[in-house]
Structure formats: C-alpha cells, structure tokens
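# Working through the structure, step by step
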Protein chains: 2
Amino acid sequence: MATAATSTDRAHRAAKRYIYAWGGEAAEGDATMRDLLGGKGAGLAEMTNAGLPVPPGFTITTEACNDYFAAGERLPDGLWEDILEALHQVEAETGKGFGDPANPLLVSVRSGARFSMPGMMDTVLNLGLSEATLQGLVALTGNERFGWDAYRRFIQMFGRIVMDVPGERFDHALDAEKAAQGAKQDTDLDAAALRRVAGAYKAIVREVTGRDFPEDPLELLDLATKAVFASWVGKRAHDYREYNKIAHDLGTAVNVVTMVFGNMGDDSGTGVAFTRDPNTGARALYGEYLTNAQGEDVVAGIRTPQPIAQMREVMPAVYDEFQRIADRLERHYRDVQDLEFTIERGRLYMLQTRSAKRTAAAAVKIAVDMVGEGIITPSEAIGRIEPAQVDQLLRDQFDPKARAGATRIVKGLNASPGAAVGRAVFDADDAVEWVGRGEKVILVRIETSPDDFHGMAVAEGIITARGGATSHAAVVARQIGKPCVAGSADLIVDYGSRAAHCGVTGIDFKEGDWVSLDGSTGDLFLGALPTVSARFEDQPELQAVLGWADEVRRMQVWTNADKPEEAAQARRYGAQGIGLCRTEHMFREGERLEIVRGAILVAARATRAKARLAAGEALGADDAEVVATFDAAMANLEELQQGDFEGIFEAMDGLPVVIRLIDPPLHEFLPNLEEQLVKVTRAEDAGGASDADRELLATIKSLHEQNPMLGLRGCRLGLMIPDFVKVQTRAILNAEIARVKAGGHPIAKIMIPLVGHVNELAATRALLEAEAKAVEAKAGVHPEYKFGTMIEVPRGALTADEIAREADFFSFGTNDLTQMTFGYSRDDAEGGFLLKYVEDKILPFNPFQTLDDAVAGLMKIAVDKGRSTKPGLELGICGEHGGDPASIAKCEKIGLDYVSCSPFRVPVARLAAAQASLVSAERDK
Amino acid sequence: MATAATSTDRAHRAAKRYIYAWGGEAAEGDATMRDLLGGKGAGLAEMTNAGLPVPPGFTITTEACNDYFAAGERLPDGLWEDILEALHQVEAETGKGFGDPANPLLVSVRSGARFSMPGMMDTVLNLGLSEATLQGLVALTGNERFGWDAYRRFIQMFGRIVMDVPGERFDHALDAEKAAQGAKQDTDLDAAALRRVAGAYKAIVREVTGRDFPEDPLELLDLATKAVFASWVGKRAHDYREYNKIAHDLGTAVNVVTMVFGNMGDDSGTGVAFTRDPNTGARALYGEYLTNAQGEDVVAGIRTPQPIAQMREVMPAVYDEFQRIADRLERHYRDVQDLEFTIERGRLYMLQTRSAKRTAAAAVKIAVDMVGEGIITPSEAIGRIEPAQVDQLLRDQFDPKARAGATRIVKGLNASPGAAVGRAVFDADDAVEWVGRGEKVILVRIETSPDDFHGMAVAEGIITARGGATSHAAVVARQIGKPCVAGSADLIVDYGSRAAHCGVTGIDFKEGDWVSLDGSTGDLFLGALPTVSARFEDQPELQAVLGWADEVRRMQVWTNADKPEEAAQARRYGAQGIGLCRTEHMFREGERLEIVRGAILVAARATRAKARLAAGEALGADDAEVVATFDAAMANLEELQQGDFEGIFEAMDGLPVVIRLIDPPLHEFLPNLEEQLVKVTRAEDAGGASDADRELLATIKSLHEQNPMLGLRGCRLGLMIPDFVKVQTRAILNAEIARVKAGGHPIAKIMIPLVGHVNELAATRALLEAEAKAVEAKAGVHPEYKFGTMIEVPRGALTADEIAREADFFSFGTNDLTQMTFGYSRDDAEGGFLLKYVEDKILPFNPFQTLDDAVAGLMKIAVDKGRSTKPGLELGICGEHGGDPASIAKCEKIGLDYVSCSPFRVPVARLAAAQASLVSAERDK
C-alpha cells in the first residue's frame, strides 16, 4: 500500500499529525485511538486493519478541530496540504478522480466524536458532485434521474448545513415543482423536473447568501470540513454534552470516505444483515438485499428487498465473502453485528458494522451460545443482557402478529410490564364479583387507592387515567406482578355510565367489553388478543445467565414479600432472603380489617387506662371494659399474625426474614374522613346519625393529621401504643418457636421503622426484649432473633453512628428517605409538579424510580458512620429502588450487603447486581 | 494553727493524702481543687483562706471514695486513723469533744462532688448526738425539747439514710404519738413526747435491722462516711449523671463540718442575707435574722424574723463584721452573694456563700453597677444576665403583691411572656367585635388556627387548652408580641355555652368575665390584676448592657418582620436588618384575601392558556377571559404589594431587607375543605348548592394534598405558576426604585424558599432576572438586588456546594429543616407524640424550640459546602431558633453571619449572640 510513505511525508511537514488514512488492507489508526480519531474513524480503521473491504478514506483528527478553534477558526498550518495529499491517495486507491467528470470520486464528510452523539452533528453526502461530475455519474449509472436527484439533494444538504440556508426554502421550491407537475410524491418527478429543482435551489442559495453555489469540489470540501468542526460548538451539540456530562474540549474528528454505489448495474447491490437472528438469536445470517439499488431505494419502498439467503443464488462468490466477513466481524468484535454493505460492480464494501440491537429472547440465547462457542466469557455474557430484558422475558406477551393488526384505544405509561386480557370493569368490588363468577377482568380506574387493592389483586391488569409510573396503581401492580398502564391522560373514564372514551382515537368501550392491555408498551387494545406465555422454569438460557451472575455478584438479592405465596415465588426466582415483610398488609384483608378497626377505636383510651393500672391505680368499669375490648382484639390479631409468620418462615426456611413492625398511620385502616363526614352530615340532616357512625367520625378526626407521612407512624406508633410492639413480637417469636418444633430453620430479623433518634430504637428495643423474655419463659425455648432498624429519616442517616449502637442491621427505606430528603410528598408530587420537573429537566430523572445522588450520598454517610460504630453491621436496601438497575449500581458503590426488591424484580436484580460488581471490579483494576 | 504539722504526719502515714482540713484562718485546700475536694469542700476551704469565720472541719477526698470502691468497699489503709486525727484537730479548734457529754462536738457529714447534684446524694446532720451527749446539748441550750427533737430527728435521718430503715416506719410512729397526744403539728409535742418518739424510733431500728441503734459516735461517723460514699453509686445519682453526662468515675468527697447553734442564748442567732437587694439590685444588705434561733425555726414559721438592718441595733459589732464579710465575699467572688450565717455565743460563722438568684431587673442593675464600681468588666456583665431575663424586662408584668393574693384558675405552658388583662371571649370574630366597642379581651380557645389570627391580633392575650410551646397560638403570639398561655390541659373549654371550667381548681368562667393571664409563668387568674409596664426606652441599664453586647458579638441580629410597624419596632430594639419578610402574610388581610382567592381559582387554567399563547397558539374566548381575570387580580396584588414593600424599605432605610417570595400551599388561602364539603352537602340535600360554592369546593379538592407541607409550595409554586414570581419581582423592584427616587436607601435581597436542587434556583433566577430587566427597561433605572435561597430542605443542605453557584446568600429555614430532617410534621407532632417524647426523655428537648445537634450538623455541612463554592456567601438563620439563646450559641459555632428573629426577641438575641461570642473567644484561647 502507498500510505506508509506519504504519511511520513506529512509527519515531516506538520509538527502534529492531523490525518490518519485507511485503504487497501491497512489503516494508520486503529480501534484504540478513539480519542484522536473519534468512534467512527477508529471503527473504519479497525475494519480495514481486520482485512475487510472498506471504501478508502481518511480521518482529520479531533486535535485538528481543537487547533482550528484555538487559531480563531483557521485550519492549522499544513492541514489543507495534508488533506489534498490524503485525497490523492484515495484517488489512487479507487482509480477515480475528485472532480473528474469521466469517473468522479464522491465522498461523504462526516463528524465523529469520541462519544456517540446521535443526530447532534453534521454530515454531508455525495461531496464531489457538480454539474460537470454529475454527467460522469449519470454515464456510470445509466440513470439520469438518479444523477439529478442526487445532485439536487446534495445542494439541499450542503446549502442547509454548510451555507446556513433555511431548509424550508428548499422544501417550498420542491413543493412548487410538484404542484406544477401534478406530482404527489418526490418520486413522481422525472429527471427534467429534478434538474429544474436543482436550478431553483441554486437560485435560492444565491439569493440568501449573495453568492453562487460553489462548483469547485475542493472549495466544497474545505467548506464542509469547517462546517463539521463548527457543528461541535453548535447549540444542539453543546446542550447534548451538558446533559450527558461530556467534556466540551474533546473536539470532533472529520471522516472523508469514498462513496460507493450499489446501483451501477446487476453486478451491484446493497443490503443490511445481522450475523444472527436478532429476534430469536438463531445462528444464521439474517437480513435482506437488493440488486442494482442504493440504500435509499429500500427506505423509499420502491422495490421489495429479497431475503439475504437468496443472494447465495445470485452472487455466490459475493455471498461467501460476505458470510466470511460476517463471521470474522462477530469474532473480532465478539458480539452479533448489524452490517451495512454495498456491492459496486461485483466488489463488496463494508460500510458499517455495529453491535446489533436484539430482542430479550435473542439477547439471552446469543449470550449463552457465544459462551458455548468460546467467543465470550460468562462475565461478558452478563454484560450483554439489559436488566429490563430479563424483566420482559418473565411477562406474558401478545402474539406479535395479532398485536400488529390490533386497534389501539389509548396509549399511557408502561407502568408494569406484561400482557393482560379481560373484560373492562370500573370498580374494585365489581372486579371481585365478576372474577367470582369466572370472568377475567381489566380494572379501569381514574386512579387507584388502597381501597381498590382487592380489585387489583383479582384483575388481569389495571389501567388508570391519572398518576405516574410510581403512582399507587403502578407501585402496587409491580409489587403483585400485574401488568399496568398508568396515566393514560387521553382516557376519559365515567364511573357513572361505566364507560370510557379516548379523546384522541375517539374509541369508546364500556363495562364488559373485551380489552387487551400491554404493560410493557403502555398500549390498550380493543378486543382479546392472543398471548404467548414465558415461564421462568421454561427458560434454561436465562437461568444459565443468572447462574453466572450469581457467581459474579458481591451483593445478595433479597425480596420484599408479605405473604407465603409471594415469598415462595421470589425464592423460585432466586431470592436469598426477605428484606421487607410488611406486617400491616396482613391487617388489611377481609375480617382482619374489622378487628383492627375495633382495636384502633379504643387504642388510645385503653393505653392510658393500662398505664394507670401499671401505676397501681384502680380502673372504673368503663375503662376496664375498654381494656378488655382492646386486649381481645389484639389477642385475635396476635393469633392471626402468628399464622402468617409461620407461613412466611416455612416458605423461606433457612433464609433470613426481615419483619418490619407496624408502620402506617392508624387512620389508613379507617374509612376516608370526607366520606364519613358526608355520611354523618346527611344522616344528621335526615334526622340523626347512629352513635357508631358518630363515634367512628370522631375517631377518624382525632387521628386526622395535617401531614400523615410525617406524623404518628412507624416506631412512634409503637412507643405511643406499646401493645402493637408487644403483640407483634409475641406473634413473630412464637411463630419461630413453632417452626423450630416442626423441624424448620426460621431466621427472624425484627425491624423498627422510621427511627430518627437512637433513643427511639433503644426504647423500642427495651419493650421488645422484655416481651421476648416473657415468650421465652412461657415456651421454655430461647427464640433467636436479630434486631435492626430502617434508615429512612434523614436524621437517622445523619446519626447512624449513634443508632448503630442499638442495631444489628440497617435497611435503607429509600422511598421515605427520598421523600424527606427532597421534601416531596410522593402521593402529591408524582401526580403534580414532579412530572413537570422531569419534563423541564429541573430533575434529571424521577428520584422515586432511580436513587438520587444526594440521597445516595446521605446513605453513604450512614454506611460510613454505622460501620464506624459496628464494623459488622449488616446493610441493605428495601425501598423500591432495590429493583432498579441504575439504583442497584449505586448500592454497589455505597457498599451495601444486599438489595431487596419485589419478587418479580429478583431476576432483574440478580443480573444488575452482577453487572454492578463487574463495573466495580473494572474500576478497582 | 495546728494543721500544718499534723498534715505532715498524715502524709507520712499514707501513700496518698486523703484528708484536707480547714480551721482557724487557713485551709489545706482551695477553690482550685474541686476535682479532689468537690465543690463544697473547695468552697469551704476558699472561704477559710479568705479569712472568713467558717466552722472547722475536713474533707475526705474523691480519691478516697474511688479507692474505697476499688478495695471492695473497704476504707483504704490509714484513712480511719487520718479521720480520727483530723477530728482531734477540730476538737482542739472548737474546744469541744466528740462524744463529750459536757461539751459535745457535733458535726454534719455531707457529700460534695465535683459537679453539683442537688438532692441526689446524702447528708447526715447532728452526728455526735447520743443519749449521753444529748444531756450536754440540753444543758448548753437550756432547751430540753430542742435537744430531744434534734435527737429523734438524728435517729430518723441516720436510720433512713445509713441503716436503710423505710422512712414511713418513722412517720407512722410520730403520727401515733401525735394521735395519742391529740397534737396537730409536730411542734405541739413536748420534750417528754419527743423522748418517747426517740425510744419508738430506736425500737423500729432494732426490729428492722436486728441491731441496736449505735450509741458510739465514732461508729456513727464510720457508718455515715460509708453511706455518703455509697450514695455516689446509688440509682438516683447514677441516673442523674447519665442524664447530665457526668462521668461515673469522679467519686464524691465527704465533708465533716462542725455544727454551730444559733439558739444558745441572746448572744446567738441565725440569718440569711444577700449582699444586694435581689429584687431591685439596690446596693445594700438585704435579708433577715432571728436572735436565739436555728435555721429550722425560720422555716417552721414559729417566730417572725427581723430585717437584717435591725441586727445593727442589737449586735452592732457582729453586724459590722458581717457587713465587712459580705463586701469581701462580693469582691472575692465578683458577684452578689446569697449568704447563710449563724452566731453562736457572739461568734459569727459563715455557713454558706453562693451566687444569688435575682430578678431580671436586679440582674441588669447589679451588672451595670458592678461595672461602674470596677468589680467586673463589661464582658463579664454580659455573662451575668440570662437572655430570658431580657425578654422578661420587655413585657408588662403583674404587680407582685396583687399577683400573690390572686385566685389562679389554671396553669398551662408559658408560651409567650407578658401580662395581659381582659374579658374572656371564645371566638376570634367575637374578639374583633368586642374590641370594636372598646373592650379589652383575652381570647380563650381549645386551640388556634390561621383563621383565628384576626382575633389574636386584637386580643390582649391568648390562652389555649391544647398545643405546645410551639403550637400555632404560641408561635403567632410570640411573633406579634402577645402574652400567651398554651396547652392548659386541665381547662375544659365549651364553645357552645361560651364558658370554661378547670378540672383541677374547679373554677369556672364565662364570656365577659375578667381574667388576667401571665404568659411568663403560664398562670391564668380570675379578675383584673393591676400591671406594671416596662418600656425598652425607659431602661437605660438594659440598653447599656446591650450596647456592650453589641461591641462583643460577632454575629449580627436581624429580624423577621412582615409589616412596617413590626420593622420599626425591631429597629428600635436594635435589629440590623430584616432576615425574613414573608410576603404571603400580606395576602391574608381583609380585601386582599378575596383578590388572592380570585386569582387562585383560575391560576392553573390561566397558566396553561398563557403557555399556549406563548407557543403561538390562539386562545378561545373562555380561556382569554380566564387569562384576563387572572391578570387583573395579579395586577391588583402587585400594586398592593409594592405599597407594602415601600413601607418596609422606608422603615428599614439603609439596612438589608430579605424578602421571601410566596411560600405556602395555595389551599391555605381557601376555606377549609371539610367546612366547604359540609356546606355543599347540606345545600345539595336542601335543593342545590350554588355554582360558586361547587366551583370553590372543586378548586379546594383539586389543591388538596396528602401532605401539604411536602407538596406544591415554595419555589415549586413559582415554577408551576410563574406569574407569582414575576408579579412579586416587579412589586419589590418598583418599590425599591420608588424609594430611591424619594431619596431613600433601600437594600433588597430576594429569597427563594424550599430549594432542594440547584436547577430549581437557576430556573427561578432566570424568570426573575428577565422580569428585572423588564422593570429596568421601563423605569430607566437599574434596581440593585441580591439573590439567595432558604436552605430548609435536607437535599438543599446536602448539595449546598451546587446551590451556592446560583445564590448570593443562604438563610437557614430551621423550622422546615427540622421537620424534614426528623420527619416530623410540627402541626401534628407538637400536639401529639412529641410532647411524650420530651416527657419520656426520648428527646432531650423540643427540637422546634432549640436547634437539634443533628440538624445543626446538617447546617454545618451546608455552610462548609456553600463556602467551598463561594467563600463570601452570606449565611443567616430565619427559623424561630434564631431567637432562642441555646440555638444562637450553636449558630455561632456553625459560623453564621447573622441570626434573624421576631422583633420582640431582638434584644434577647443581641445578648445571646454576645455571650456566644465570649464562649467562642474563650474556647479559642
């Protein structure tokens, strides 16, 4: 090759080397030189070095770009001469001449920075075209229309990008010609018309810029190069770098690449192909091609492309070469490649190779196959699958063909993935009733509240008109693994007529109509679409990858589960413990809610009476009755809870179970204040409300708080009404004893919520230990348990060194910690200003979905302080962030021991934790 | 004196020196030896060294105590011999004999630790009494009854403290004797009866302990010494040290001191006196004495003591000596002393000297006088006055004599100091009506809400049955300088009958009854008590002290004021700026509230319409009308606010004024949801509610939030409805321009509330700067202003380095910062669990009154991070903690530039800031 000698000449001329060329079978650069050559330039060089046929060209370095600006937007000395020399080299390589009317060399001029900035910077194609060289192109292709179309496109592109002519001026001129010809499509214009359009374009350029459109290809090259440099400092690119935290001083490289044409006859063609099937992962070339055509023809849909396999028949030698190249590229890049190629007069050119996008199923199969083929290691396989793809594989999906033909009613947020089919109902009670008689239902609500839980639990899926991706509907749906579409703002739901209407599509549906809901995409379709199911047990490749992930990851993956069925499911998914078992969820179901309400109505009075009793005072008959009522209700609850805990311990036998004592404010177990107020007001007006209703209203009012999120809940509740702590402690420890007697291995960890001051934890611990001793004395068995706390109040994090004195473990409750650190009430913010904040980029993301860096920083403070007091402190996270891959990466950095997430997120978390470990190992190298 | 020689002997005997004696005119110890001798022992030694007549005695060191426990509760070798020798020395000094029936030496055995632990440890008096020595005491005093009474008291005290006999056993025996004699008081028992009591006591000791009551004085001394040691490790003392963070290994000293008797004839006597009048500060001995009496006689009220001046007539020489001693002690300790003395047979003994408690007025006068007399420096004078005393001096007070004779109805929390007299009213509207016709009223409420403000503003004082020292009533009362008693839990208020009843005193009062309220003490009295007023301008001594304070303090003192009158008052009190001017308070008054409501009803819709308009869309007629309505209301508000700001700038001419843009959630300006719901429900049932009422209810519901404290408020509001920011910016800057044109010197600082992310501040700043440019363009004048933010969200503090990029100043909003750092909703917590937390010592104090250390730590993080970005960042506090002395000390440590507090707290803050500076200067030495 000729490059070596000339590059030495260039090195003599300039102090710095600004040009790296490629061509033939060698390149001056390679894949390691991304800083200097940009991603594209380094990639083209690498392909050339790999022996692949790449159209020759050269890269002007990022350094040249920076020097250009440093010199006040002047090309550095010697650069232009270097460019000319590199261009000559390309001419020699291709046998074409830049500006040669007989056999014109055309090039593309493309930007290429260190980091991909898709769409942010400028590209000019077909540079080298002029009225003169156009004739050569027409002669070579035998297609006059193609030649003129290419030329008018070039003027349009160059005029807009390089010469700053407003794009709509060109559009108007094209429209005018189409109108004159009665043409509907651009493709209806013939060569003569396009020639007139080119003339009109040139007139526009003259009018706007005051100069003629350049005819000298070298002048065009000079201008295009400078335009690419300029696009680096343009507003679009600047903003993109700001947002993505890319440094502004990297500069962009400029790639000048020979254009090749697939439409030069039947020995020419063009195509795209994947080295494996990107839908299934099957190991065979997958793609399509067209003879005597350019890429644009495929896009324009003028001709129907053929499957790639057919190329074997038509051009067997080229096909074989392509198959060899595909194999080599896959081995070289060690991943499935997405290839673009053009055959110009029997010669194959590779125009692009990049890692292929693929479906979840393909990603897993390809990763596992490639490990089997010895192409990648298991650790690399882990990095080839996106955590979201794991999630996708575990949800039912609609049959793709049926989906493609379905009628979409509305599109909302993809709040919880999966496909669900059922008949629309508009009320939770109705849902239960319909399901009771064997129907499948989709619950349609404006928004959901805890009162709707029983309906959500029986529905196939949920759709709401209001609320974001972390609204009640979304959070609960993810928790219980139901597909959910939230915040379908265009859907108008009318509970009165039990019907809904979409303001955009105009489609209505009413109660009983079949609908199909895709929680992975946010679509609601009319009718019942067929689904394809995907069970974890049936996916050995996924299990293989997660098995490798288990070997790699440092953090354990636990689950948030409140019921034995959930725990068992999570365990099948690979959970190594329960990080959060919420006892109050057990309070809410059926008869239990009535028992709990009975206790709450008398709790305050009974607690005061008991305190007097403990101080040696005698009680009046009224108070004694109140205490008896309270104790009876609590005893009832204790028995039920013990059963619950036995079930959980059995499901998680041998694994740790973190049980959180009662957390929510008591009014959550009572009817809504407004509803009860209206009920009593109406009854009073109509002659008198019942004593029970009045008493209930009074209790609801007495428990009403301005800001319940910051009110009487968590450990505060247990300190005000100690019986809650006592009863729950007894239920947990007696369940443990019962399991041990049955031959089980329960591992109990009792967790206190909402601790902000070490004294709260110490006081609760004293209550709990006294009760534990009583249980031990009665049972004659010592129940083992660990005692710990949630860190979810900023003060708890800030004083973690003190709190660690009283705790065996911490679990970060990042939902509340985020609420309090930001001062956001999640219930209010997500439906309100937070949406706008994320939209306006005041916040980079919703901090309830992905852990905010300042909240993570506060956690780090707590981790450091906690371990300073107790080096062996066990540290985990049980907020919803525990199932979010980006947050899991932050947990790895902070140094947590485990993440805990909803059962359906466990496989995702296993993979994400492994990826985080790999990143951290890479960083530590 | 003889001590020097024998102390050498002792030093030879024991390796350590366990005994330090005093007597005659010299002591072996002095005031610097508090660690070894305890506070009392060091004090007695110091008085002796100062040449004062102190009854001889000796101290057994704290080291002896520690060695006693280290040796397994055995006296260290040689200690007992040392005690005997020290005792002989005291015998020699006094001419009495320990156990000598003719002339018995009696001693007290008292504990005395390094730190005062009042009431926590044990003391035995009259040790040396026995049946034998008792006869000598009777002979010397000529009073047999006194002798037997002293003896039975000794048995009782010794039996209980040293021999662990239950105290009630002795009480029962005494009661039995009184019953037998038909005696009502102890003093009704004669010598014979008391002798029988002593016998009964001894029988009890025998029965309980199984041994006779010791008759040997040396055995009694041995037992008493060990009992004092033992009291150091007793539960009471241990808990006290835990709570007060005193180390447990300090040990206690034991002081053995000669008893002296003032009842040995007419040349004996006893008395207490202050070196200056503790009520007024007048420079003259102030106190009382009794001839031929003991201290107990004064306490028992058997005889009426005489003013100390009369002693001059009766015992001129002793009086002169006492006057000389008083002067010396005052100069020696450089403070007013509270003295106890006894004259035994013409000889004056000083038993105690300590700094005197004094009234606020006396404290100030004494401090200023002592500076004048050259006794103390101005800096020391600053330290002699408690900040709370300054506050007290600025409030009206009840005439002390009238107060002493008044009937107390109830006692609550002293929430806002001062005396107030008026007729009881039970409703804010009634208060306004009554005051309108010339009455003075006290507003009596179960609790108050913002709806009661107009009533509070016209009332003389406020009393509530519920709510703590930081409840709405308390906070607002302090803010507007009204006396307030909060949380009078025993008061049952019945709005229906307009009457109240105290469950404890049984006293009722009803609407119109005169009551007198003391906010400094928390008392409510029946009737109209006369008051004495105290104006700042009339208190030159107070002004002198505060002037010295101003020279000493590093931090400035600013004020929180929303109105020109408040600002002017604060300026008279010495405020150096306004640290918080809350603009929304201006929205609430009279007609303004209606304007604001009008704007709020259409704000959301108008804002959306304006956004469409800005994007070039046309508006429908409906939307155009909404925008016009909104703009008209906002223009109206702008004009009113500009007037407000001009007034504030005028009052604070030349001083900085920090104006905070609108902060509270909008629903605070609307009627209560529940009330409106009941109203509409009733109207609907009765035939139909008005459209206006329905619309209002809908708006209230749409603005309703689960946790409004964490909802749409602060800067969030301004970002959602930018017109709030624009209108307020225009009002502020145009007011500034108007003031400049009028020759004034306004200094405007605009403050953005509730910032948690730097982008919030940056976005608000952009809005505001655009508006400032528009104002400048229109007026042709450049309005100067600084731009800053509150730090009141934990995330704001944690990311202060980022936020400082956009801010000229920070002001810590510690009310919200405390709420969010603890996760406490103040409105809910203070009436609920927080009271119990403080009561149960889960929290050491209410963190809304005094800055919590973890919150202060978070502020320190913000200060350090903020200054790391911008070294000149101005830092202040505008939460209520800014007026609390303990919190001011923490602000000094954190390094703030100023504190800002309510106008009435400004003088207090000036003193507290000076004291904080002095402490910090001391620490830096």
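Residues numbered from 1 in each chain as written. Chains lettered and ligands numbered in written order. Predicted model: local features only at pLDDT ≥ 70, side-chain atom pairs only at ≥ 80, totals over all residues. Heavy atoms only, no water.

Further remarks concern the relation of the copies chain B and chain A. Superposing chain B onto chain A requires a rotation of 180° together with a translation of 0.2 Å along the rotation axis, leaving an RMSD of 0.5 Å. On the angle and the small slide along the axis, the relation comes out as a two-fold axis. Ranked by how close their C-alpha atoms come to the rotation axis, the residues of chain B are headed by N707(B), at 2.2 Å. Residue by residue, 100% of the interface of chain B is reproduced at the interface of chain A, so both copies engage with the same surface. (Least-squares fit on C-alpha atoms with pLDDT ≥ 70 in both. Contact = heavy atoms within 4.5 Å.)

When pLDDT is averaged along chain A, the result is 89, and 95% of the positions lie at 70 or above. Note that residues 1–5 of chain A has pLDDT below 50 and, in this model, five contacts with residues that lie over four places away or in other chains. (pLDDT = per-residue confidence, 0-100.)

The next subject is empty space enclosed by the protein. Applying the stated rule across the entire model yields six cavities of 30 Å³ or more. One number sums up the size of the largest cavity: a volume of about 70 Å³. Taken together, L661(B), I662(B), G714(B), C715(B), G718(B), L719(B), F724(B), V725(B), Q728(B), I752(B), P753(B) and T764(B) make up the full set of residues lining the largest cavity. Of the residues contributing to the lining of the largest cavity, the split by class is eight nonpolar, four polar and no charged. Put simply, the second largest cavity is a space of about 60 Å³. Lining the second largest cavity are L661(A), I662(A), G714(A), C715(A), G718(A), V725(A), I752(A), P753(A) and T764(A). Split by residue class, the lining of the second largest cavity holds six nonpolar, three polar and no charged. (1 Å grid on protein atoms, 1.4 Å probe; cavity = no way out; pocket = protein on both sides within 12 Å on 5 of 7 lines; lining within 4 Å. Points joined across faces, edges and corners; volume = space filled by probe spheres on them. Nonpolar A, V, L, I, M, F, W, Y, C, P; charged D, E, K, R; others polar.)

On to the sheet that holds strand β26 (residues 578–582) of chain A, then. Residues and elements named next belong to chain A. As summarised here, the arrangement of the eight strands in space is β25-β26-β27-β28-β29-β30-β31-β32, forming a closed barrel in which the pairing is parallel. Each strand of the sheet is rotated relative to its neighbour by a mean of 30°, with strand direction disregarded. Bridge count between strand β25 (residues 556–560) and β26: two bridges; the pairing is parallel. Bridging across to β26, N560 finds its partner in L580. (Pairing = 2+ DSSP bridges. Helix = DSSP H or I, 4+ residues; strand = E, 2+ residues; numbered from the N terminus. Axes fitted to C-alpha atoms, helices over the stretch in contact; angles between N-to-C directions.)

What follows concerns helix α14 (residues 360–372) of chain A. Because each turn of an α-helix spans 3.6 residues, side chains separated by three or four positions in sequence point in the same direction. Residue and element names in this part refer to chain A. With 13 residues, α14 extends 19 Å between its outermost C-alpha atoms, agreeing within 8% with the 18 Å of an ideal straight helix rising 1.5 Å per residue. A large share of α14 lies buried, amounting to ten of its 13 residues. For α14, the set of buried residues is A360, A362, A363, V364, I366, A367, V368, D369, M370 and V371. On its buried face, α14 sits against α13 (316–333), α15 (378–383), α16 (387–393) and α21 (540–552). The positive-phi residue at the C-terminal boundary of α14 is G374, with phi of around 75°. (Expected span 1.5 Å × (residues − 1). Buried < 20%, exposed > 50% of the residue type's maximum accessible area, 1.4 Å probe, protein only.)

Taken together, the 50 residues of chain B in the interface contact 50 residues of chain A. In total, about 4,400 Å² of surface goes out of reach between chain B and chain A, with carbon and sulfur atoms giving 62% of it. Among the residues of chain B in contact with chain A, N707(B), L710(B) and R795(B) are the three that bury the most area, contributing 13% of the side total. Here chain B is connected to chain A by four salt bridges. Between D852(B) and R795(A) there is a salt bridge whose closest N-O contact spans 2.8 Å. Here chain B is connected to chain A by 26 residue pairs in polar contact (both at pLDDT 80 or more). Per element, the largest residue contribution to the side of chain B that touches chain A is seven residues, and it comes from helix α25 (residues 673–685) of chain B. Across the side of chain B that touches chain A, the residue classes break down as 25 nonpolar, twelve polar and 13 charged. (Buried area = accessible area lost by both parts, 1.4 Å probe. Salt bridge = Lys/Arg side-chain N within 4 Å of Asp/Glu carboxyl O. Polar contact = N/O pair within 3.5 Å; in protein donor to acceptor, adjacent residues only side chain to side chain.)

Another aspect to go through is unusual backbone geometry. Located in the positive-phi region is R334(A), a residue other than glycine, with phi close to 55°. Position of R334(A) among the secondary structure elements: in the loop between α13 and β10 (337–344).

To continue, consider the pattern of salt bridges. Residues and elements named next belong to chain B. One pass over the structure, following the stated rule, counts 133 salt bridges over all chains. Residue R196 pairs with E177 through a salt bridge whose shortest N-O separation is 2.8 Å. Of this pair, R196 sits in helix α8 (residues 191–209) while E177 sits in helix α7 (residues 167–181), and the two are 19 residues apart along the sequence. Classification of R196 by relative accessible area gives partly exposed; the value is 42%. We note a salt bridge from D335 to R384, for which the minimum N-O separation is 3.5 Å. Taken together, the positions of D335 in the loop between α13 (316–333) and β10 (337–344) and R384 in the loop between α15 (378–383) and α16 (387–393) put the pair 49 residues apart, joining distant regions of the chain. Residue classification places D335 among the buried residues on the basis of a relative accessible area of 8%. Take R384: its relative accessible area is 22%, and that puts it in the partly exposed class.

Residues and elements named next belong to chain A. Counted residue by residue, strand β27 (residues 656–660) has five buried out of five residues, so it is predominantly covered. Sheet topology note: the β26/β27 ladder contains three bridges and is parallel. When the bridges of β27 are listed, I578 appears paired with V657. Relative to strand β28 (residues 747–752), β27 is paired through five bridges, and the arrangement is parallel. Across the sheet, V658 pairs through a bridge with K749, a residue of β28.

What follows covers the packing of aromatic side chains. Per the counting criterion, the structure on display carries 38 aromatic pairs over all chains. Relative to Y573(A), the ring of F536(A) has its centre 5.1 Å away and its plane inclined at 85°; by these criteria the two rings are edge-to-face. Of this pair, F536(A) sits in the loop between β24 (531–532) and α21 while Y573(A) sits in the loop between α22 (564–572) and β26, and the two are 37 residues apart along the sequence. Like Y573(A), F536(A) is buried. Ring centres of F158(B) and F213(B) lie 5.8 Å apart, and the angle between their planes is 80°; on these two criteria the pair is classed as edge-to-face. (Phe/Tyr/Trp six-rings, centres within 6.5 Å; stacked < 30°, edge-to-face > 60°.)

Bringing the sheet that holds strand β7 (residues 269–274) of chain B into the picture now. All names here are of chain B. Pairing is antiparallel in the open sheet, where five strands are placed in the order β9-β8-β7-β10-β11. Of all strands in the sheet, those bounded by a partner on one side alone are β9 (306–307) and β11 (347–355). As paired elements, β7 and strand β8 (residues 286–291) share six bridges and run antiparallel to each other. The partner of G271 across the bridge, within β8, is Y289. Relative to the sheet, α13 contacts β7, β10 and β11, its axis offset from that of β11 by approximately 30°.

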